Amino acid sequence: MFGKVKIILHRPIPDGFKIKTASITRKADGYYVTLSLADETVPEIKPDFNPESITGIDVGLKEFLTTAQNETVAIPQHYCKAQKRLKVIQKRVSRRKKGSNRRLKAIKQLGLQHKKVADKRRDFHFKIANNLLKKYDVIAYEDLNIKGLAKTHLAKSVHDAGWSSFLSILATKAEKAGSLTIAVSAYNTSQNCSKCGVKVPKELHERWHSCTCGCSLDRDHNAAINIMNKSVGHPDFKAKSLRSDSWIVLEAHALTS
């Protein structure tokens, strides 16, 4: 048992919330306590849920994401930008004697630099998730094998983008907002034409989609539209739409009775 420990309260615990779990994590700059709270006010269905307010997002390494409406978010590359500084500190660690105070100090500096990169990336993910949820009630994305991609030659870029962390944050915030996120199969989303459905084979370096039906647009934009189209027939989308319609009917009945 820890007994009584002094803490810096990052934010007050809201009234009416129940603390369910508490976890203690050690990071480069100290210990953190993470509380899991039960919020009974989270809506099961968003009152103004609009099934037509929908988009698909295609995550990538050229752009962080592209929406079905052709909105793009640049990839910030936090780790790549910090590499020069990280290399300097890493060399400092390797040159100092093992077990010495100077080496321990350098190790702490390295840990703090890595934490700084992780914090920037996490802040970026939260901001993008919030912006998407302000615009759309339904957000579809590819069910990617991110662990598999992290074992390829693209590993550094995949880890730097942090897709897995972003999609987890997006799903959590969408649930609290009463919105919906849907993971759809990634099969042929980049190859199929979003207008006529015909497969148009493309190599990875080919960034433009051009089909005989006249559809011509950016490869990622084409993929995002395909992702959105796939989500419309998804069971989760249909269930959410029906529940939303039921809510509207019940409310109308209550107002007229």
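Caption draft 1: Just the nonpolar core, in detail. Judged by nonpolar contacts, the single largest core of 24 residues is most densely connected at Ile57, Phe64, Leu65, Leu132, Phe166 and Leu170. Among the elements of the structure, strand 3 (54-59), helix 2 (101-135), strand 6 (138-142), helix 4 (155-161) and helix 5 (163-177) are those that each provide at least two residues to this core. Ranked by residue count, the leading element in this core is helix 5, at six residues. Residues in contact with leucine 65, not counting those within four places in the same chain, are Ile57, Asp58, Val59, Glu71, Thr72, Val73, Ile128, Leu132 and Phe166. Residues Val184, Cys211, Cys215 and Ala224 belong to the second largest nonpolar core, which totals 16 residues.

Caption draft 2: Spotlight on the pattern of salt bridges. Summed over the entire model, instances satisfying the criterion amount to five salt bridges. The closest approach of N and O atoms between aspartate 119 and lysine 115, which form a salt bridge, is 2.7 Å. Of this pair, aspartate 119 and lysine 115 both sit in helix 2, separated by four residues, roughly a single helical turn. In this structure, aspartate 220 engages arginine 207 in a salt bridge whose closest nitrogen and oxygen atoms are separated by 2.9 Å. Of the two residues, aspartate 220 sits in helix 6 (residues 219-232) while arginine 207 sits in the loop between strand 7 (180-184) and strand 8 (208-210), which places them 13 residues apart along the sequence.

Caption draft 3: Quick peek at the confidence of the model for the chain. Put simply, the chain has an average pLDDT of 83, and 86% of its residues get 70 or more. Low pLDDT, under 50, characterises residues 245-257; the predicted model gives this stretch one contact beyond four residues in sequence or across chains.

Caption draft 4: Structural detail: the packing of aromatic side chains. Going through the model one piece at a time under the given rule, you end up with two aromatic pairs. Both rings, one in phenylalanine 64 and one in phenylalanine 124, keep their centres 5.0 Å apart while their planes meet at 75°; by these two values the pair is edge-to-face. Residue phenylalanine 64 is located in the loop between strand 3 and strand 4 (65-67), and its partner phenylalanine 124 is located in helix 2; the two are separated by 60 residues in the primary sequence. Across the pair, phenylalanine 124 and phenylalanine 64 agree in class, each one buried. Here phenylalanine 64 and phenylalanine 166 contribute two aromatic rings whose centre-to-centre distance is 5.1 Å and whose plane-to-plane angle is 75°, an arrangement assigned as edge-to-face. Within this pair, whereas phenylalanine 64 is found in the loop between strand 3 and strand 4, its partner phenylalanine 166 is found in helix 5, the two being separated by 102 residues in sequence. With respect to burial, phenylalanine 64 and phenylalanine 166 carry one shared label: buried. Here the aromatic cluster, defined as three or more aromatic residues joined through ring pairs, consists of Phe64, Phe124 and Phe166.

Rules behind the numbers
Residues numbered from 1 in each chain as written. Predicted model: local features only at pLDDT ≥ 70, side-chain atom pairs only at ≥ 80, totals over all residues. Heavy atoms only, no water. Core = buried A, V, L, I, M, F, W, Y, C linked by side-chain atoms within 4.5 Å. Buried < 20%, exposed > 50% of the residue type's maximum accessible area, 1.4 Å probe, protein only. Helix = DSSP H or I, 4+ residues; strand = E, 2+ residues; numbered from the N terminus. Contact = heavy atoms within 4.5 Å. Salt bridge = Lys/Arg side-chain N within 4 Å of Asp/Glu carboxyl O. pLDDT = per-residue confidence, 0-100. Phe/Tyr/Trp six-rings, centres within 6.5 Å; stacked < 30°, edge-to-face > 60°.

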